[in-house]
Amino acid sequence: MQVQARAKINLALDVVERMDNGYHSLDMIMAPISIYDEIEIEKSDCDMVECEGMKLPENNTVSKMIQVLKDTYHLDSSFKVSIKKHIPAQAGLGGGSADAAAVCKAILKMEGIEETEENLYEITKQVGADVPFCIHDKWARVKGIGEKITPIESDWKFDVVVVKPDFGISTANAFSKWKESRPFHPDVDLVESSIREENMDLLYQTMANALEPIAFEIEPELNQVKMDMEDAGLVRILMSGSGSSMLGFSVDEDVILNAYEQLKEKYDFVKIIHVGG
Ligand SMILES: C[C@](O)(CO)[C@H](O)COP(=O)(O)OP(=O)(O)OC[C@H]1O[C@@H](n2ccc(N)nc2=O)[C@H](O)[C@@H]1O
Ligand SMILES: Nc1ncnc2c1ncn2[C@@H]1O[C@H](COP(=O)(O)OP(=O)(O)OP(=O)(O)O)[C@@H](O)[C@H]1O
């Protein structure tokens, strides 16, 4: 079976509080984007995960997902998974989570298991905080550590430019530097309204990421990336997730195209992506 594993972006990310287990409760607006890994999965004698385009750790998200499903549903089958990587790592685009979610859906289909989305969110959050959203794979307000998904009924689609610099940011490191005393909390209700109303002006005024100042402290070079994107004509720049990907916005398709041409002279990973589908 062949499946696509779509990446995500965050158009709002508020860190609400640090919890006793070290994780953080969040309040986010998330959307799928048009960058995806290609995955082939088939039954096999033993579990095997191979990846073209990136060296994966032994305990990668797909191996973890297979084990969680075997334990949860007492499966006897084993699976061979081949991944063709297009989503960059440590980018804030949820690459590992997307792979796990796609493999989860494929295995349930192959095994003829029907499960509610809500149960799947609880099961898959063990593998990664972004996996439940990747299971949903549509516009959503996302809370908890990432498992409380409320769909936002919207067909809104628009293009942005994404730049992933040649360094990444560790999600664990970014969260470890978050301090309760930081008075920066995006107004996620307003960002949600902007999506429902398809109101780009309101989105520009309200979209924000509470991890952005932390990522800029970890990697000050992000200031240069942001300046380069502004110089290329993009009118609003926002970091996705815990970085290091930066999203550049304009409602003018020519501006998007020109910015893409200019930025790809300097950065290896620059793409025009469709947001929302
Ligand atoms: C930043 C986001 O990308 C926003 O969508 C996600 O919250 C990160 O999701 P993810 O990469 O799937 O995260 P995980 O692999 O579950 O966690 C990596 C590390 O990030 C920290 N982490 C993650 C999610 C969360 N709600 N609180 C946390 O504190 C924890 O230290 C954890 O050990
Ligand atoms: N299936 C996978 N694909 C990519 N990386 C994986 C995978 N499984 C484990 N990893 C490890 O996780 C690290 C982070 O990769 P990932 O693509 O999930 O990026 P991320 O930017 O942290 O995602 P997020 O947006 O969830 O923060 C990688 O450096 C890699 O070592």
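What counts, and at which threshold
Residues numbered from 1 in each chain as written. Chains lettered and ligands numbered in written order. Predicted model: local features only at pLDDT ≥ 70, side-chain atom pairs only at ≥ 80, totals over all residues. Heavy atoms only, no water. Domains from an automatic or database assignment. Contact = heavy atoms within 4.5 Å. Buried area = accessible area lost by both parts, 1.4 Å probe. Salt bridge = Lys/Arg side-chain N within 4 Å of Asp/Glu carboxyl O. Helix = DSSP H or I, 4+ residues; strand = E, 2+ residues; numbered from the N terminus. Phe/Tyr/Trp six-rings, centres within 6.5 Å; stacked < 30°, edge-to-face > 60°. Buried < 20%, exposed > 50% of the residue type's maximum accessible area, 1.4 Å probe, protein only. Lys NZ or Arg CZ within 6 Å of the ring centre and 35° of its normal.

A.B. asks: Explanation requested: the domain arrangement of the protein in the structure shown.
C.D. replies: Many descriptions give the size of an interface as the accessible area lost when the pieces come together. Entries for the protein in the domain assignment read domain 1 (2–151) and domain 2 (158–275). Between the C-alpha centres of domain 1 and domain 2 the distance comes to 23 Å. Every contact between the two is made by 31 residues of domain 1 and, on the other side, 39 residues of domain 2. For the pairing of domain 1 and domain 2, the buried interface totals around 2,600 Å² over both sides, and the portion due to carbon and sulfur atoms is 63%. Area buried by domain 1 at its contact with domain 2 is led by L11, L13 and Q90, which between them contribute 22% of it. Across the contact surface, domain 1 and domain 2 share two salt bridges. A salt bridge links E192 to R141; the shortest N-O distance between them is 2.7 Å. When contributions to the side of domain 1 that touches domain 2 are tallied by element, the ones reaching two or more residues are β1 (2–18) and β2 (24–44). Broken down by element, the side of domain 1 that touches domain 2 gets its largest block of residues, 11 residues, from β1.

A.B. asks: Help me out: how do you make sense of the packing of aromatic side chains in this one?
C.D. replies: The relation between two aromatic rings is expressed through the spacing of the ring centres and the mutual angle of the planes. In the structure shown here, the tally under the stated rule is five aromatic pairs. Ring geometry for F158 against F249: centres 6.3 Å apart, planes inclined by 45°, an arrangement best described as tilted. With F158 in strand β7 (residues 158–164) and F249 in strand β10 (residues 246–249), this pair connects stretches of sequence that are 91 residues apart. Here the aromatic rings of Y204 and F249 are separated by 6.1 Å at their centres, their planes lie at 75°, and the arrangement is edge-to-face. Residue Y204 is located in helix α7 (residues 200–206), and its partner F249 is located in strand β10; the two are separated by 45 residues in the primary sequence. Using a relative accessible area of 14% as the deciding quantity, one classes Y204 as buried. Over the aromatic face of F269 sits the side chain of K271, whose NZ or CZ is 5.0 Å from the ring centroid.

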